[in-house]
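Close look at the chain arrangement
What follows is the residue order along each chain.
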Amino acid sequence: MKGICILGATGSIGVSTLDVVARHPELYNVVALTANTNIEDLFQQCLVHHPEFVVVVDTDKALQMQEQISSSPVPDIKVLSGSDALEQVAILDNVDSVMAAIVGAAGLLPTLAAAKAGKNVLLANKEALVMSGAIFMQVIAESGAQLLPIDSEHNAIFQCMPHGYQSGMRASTARRILLTASGGPFREMPLEQLQHVTPAQAVAHPNWDMGKKISVDSATMMNKGLELIEACLLFNMPSEKIQVVIHPQSVIHSMVDYVDGTVLAQMGNPDMRIPIAHAMAWPDRFASGAEPLNIFDVQRLDFATPDLRRFPCLRLAYEAIDAGGIMPAVLNAANEIAVAAFLDGQIRFTGIPQVIERCLENFSADEADSLQTILRVDQQARDISNQIIQEING
Ligand code: NAD
Ligand code: MG
């Protein structure tokens, strides 16, 4: 029996994780669930999964949650609040696995805490890894934590790696990684129409049902940019050995091309329960609840190279990883601010890469020598991005 802590339990990945957990009550026990503000969903999850702890980051909402729990059939659940409590529950002794499914930089510290404590880290929160880069991988290596990628592409690559492979190794027989991308909802929209895209259009992804931020990232292809950086780190590969491939059907979730000419691909329906179940059962397998893939329904598999004029965010991500140092952290922070401003109606869809590019111009690729440096740069990049947004509007 393994204990699991789900950071970001109320999100798209959190909900899919609990769905998989519920299929294997003899193997997994829910120790802790966390949410930012959504206590309605968190309360329902408490009734079903009866964790020992819940964390509600927002203090007012945490008080409300405490009242609700006290007069519920599960009054013994301990309610904690504040972001420090996220780290506290991620390192509990009876937690074996931590699902890192908070969106954005807010997930960095609890995910790092889980890694330091040597937990199995099931990593969905790509922003945490992009920001902290080599520092994160170093913590994993030193603590002996098992890092298992949840991002469908990285999980696919992990599954296509040689026997005995661990995240952070360089698979010397792998010639390159083919990182697939759906291309999002605007893959074929005339370029001049992109400036009129609304938030509602941008969050409606053709193949995957996800949180708002990652849906916008998929539409700009910054998601693939962050995933490129994630792949460089997880698989210890230079960016030039990672080819982004537009594959609109989202049936192949990525591929590894080996020196002998073999190309291994992982396929499946686009359902995040597949990589989640893979990581939870690893090195075994168990049922995920996903529909089996009917290859006769697939009919065709298309592949194309991405157009960097259509997707400037992807170009910016290549530039940031190649510059190295703090630049991926700057890219990530600027993107988080720009996406929030777009969702809030403050900037156009095409303003997202403009804000990020202008923000990046304010930095040089200094070494990311400590966590403090990264957190400071993250804050500076957010402040600068907010100024740029004001200038655009002013
Ligand atoms: P989501 O928006 O649906 O959920 C986010 C979760 O994080 C919620 O539980 C929310 O309460 C919590 N949260 C938000 N802000 C917080 C804060 N400041 N402090 C603490 N908790 C906070 O997001 P999602 O789609 O589930 O994505 C989660 C992560 O997984 C992201 O990093 C995303 O890139 C990654 N991911 C998601 C998918 C997917 O299919 N949804 C696929 C691959 C990777
Ligand atoms: Mg992905």
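Along each chain, numbering runs from 1 in the same order as the chain's sequence is written. Lettering of chains starts at A and numbering of ligands starts at 1, both following the order in which they are written. Two thresholds apply to this predicted model, a pLDDT of at least 70 for residue-level local features and 80 or more for giving and counting side-chain atom pairs, whereas whole-chain, interface and lining totals are computed over all residues. Side-chain figures throughout are based on the complete set of non-hydrogen atoms in the structure, without hydrogens or water.

**Focus: the domain arrangement of the protein**
Formally: Domain extents, as shown, originate in an automatic or database domain assignment. For this analysis, residues touch if any pair of their heavy atoms sits within 4.5 Å. The buried area of a pairing is the accessible area, by a 1.4 Å probe, that goes missing from both parts when the two are put together, added over both. Salt bridges are defined by distance alone: a side-chain nitrogen of Lys or Arg within 4 Å of a carboxyl oxygen of Asp or Glu. In protein, a polar contact requires one atom able to donate a hydrogen and another able to accept it; more generally it is a pair of N or O atoms within 3.5 Å, and residues adjacent in sequence count only if both atoms are side-chain atoms.
Its domain assignment divides the protein into domain 1 (2-149) and domain 2 (324-394). The centre of domain 1, based on its C-alpha atoms, is set 27 Å off from the matching centre of domain 2. Each partner contributes residues to the interface: domain 1 has 10 residues there, and domain 2 has 12 residues. Taken together, the two surfaces of domain 1 and domain 2 that pack against each other cover about 790 Å², and 76% of this comes from carbon and sulfur. Between the two partners, domain 1 and domain 2, sit 0 salt bridges. If you look at where domain 1 meets domain 2, you find 1 residue pair in polar contact (both at pLDDT 80 or more).

**Section: the coordination of the magnesium ion (ligand 2)**
Selection rule: Water is not part of the atom set, so a site may look incomplete; the donors themselves are N, O and S atoms within 2.8 Å of the metal, or 3.2 Å for Na, K and Ca. Numbering goes from the N terminus for both helices and strands, where a helix is a DSSP run of H or I of at least four residues and a strand is a run of E of at least two. Between buried and exposed lies partly exposed: a residue is buried under 20% and exposed over 50% of the maximum accessible area for its type, with that area taken using a 1.4 Å probe on protein chains only.
Distances from the magnesium ion (ligand 2) to its protein donors, Asp151 (OD), Glu153 (OE) and Glu227 (OE), fall at 2.1 Å. In the primary sequence, the donor residues of the magnesium ion (ligand 2) line up as D-x1-E-x73-E. Taken together, the positions of Glu153 in helix H7 (residues 152-160) and Glu227 in helix H10 (residues 222-234) put the pair 74 residues apart, joining distant regions of the chain. Assessed through its relative accessible area of 1%, Glu227 is described here as buried.

**Some thoughts on the site of ligand 1**
This is how it is decided: Near residues are defined by distance, with any heavy atom within 4 Å of the molecule or strand qualifying the residue. Surface exposure here means Shrake-Rupley accessible area, sampled with a 1.4 Å probe, where a residue is shielded only by the protein chains that are shown. Note on residue classes: Ala, Val, Leu, Ile, Met, Phe, Trp, Tyr, Cys and Pro are nonpolar, Asp, Glu, Lys and Arg are charged, and everything else, Gly too, is polar.
Taken together, the neighbourhood of ligand 1 is formed by 22 residues, with Thr10, Ser12, Asn36, Glu127 and Gly211 sitting nearest. For ligand 1, an oxygen atom lies 3.3 Å from a polar atom in the backbone of Gly8. Within the complex, the protein chains bury 86% of what would otherwise be the 820 Å² of accessible surface of ligand 1. The set of elements that each furnish at least two residues to the shell around ligand 1 consists of helix H1 (12-22) and helix H6 (126-143). Of the residues contributing to the shell around ligand 1, the split by class is 12 nonpolar, 7 polar and 3 charged.

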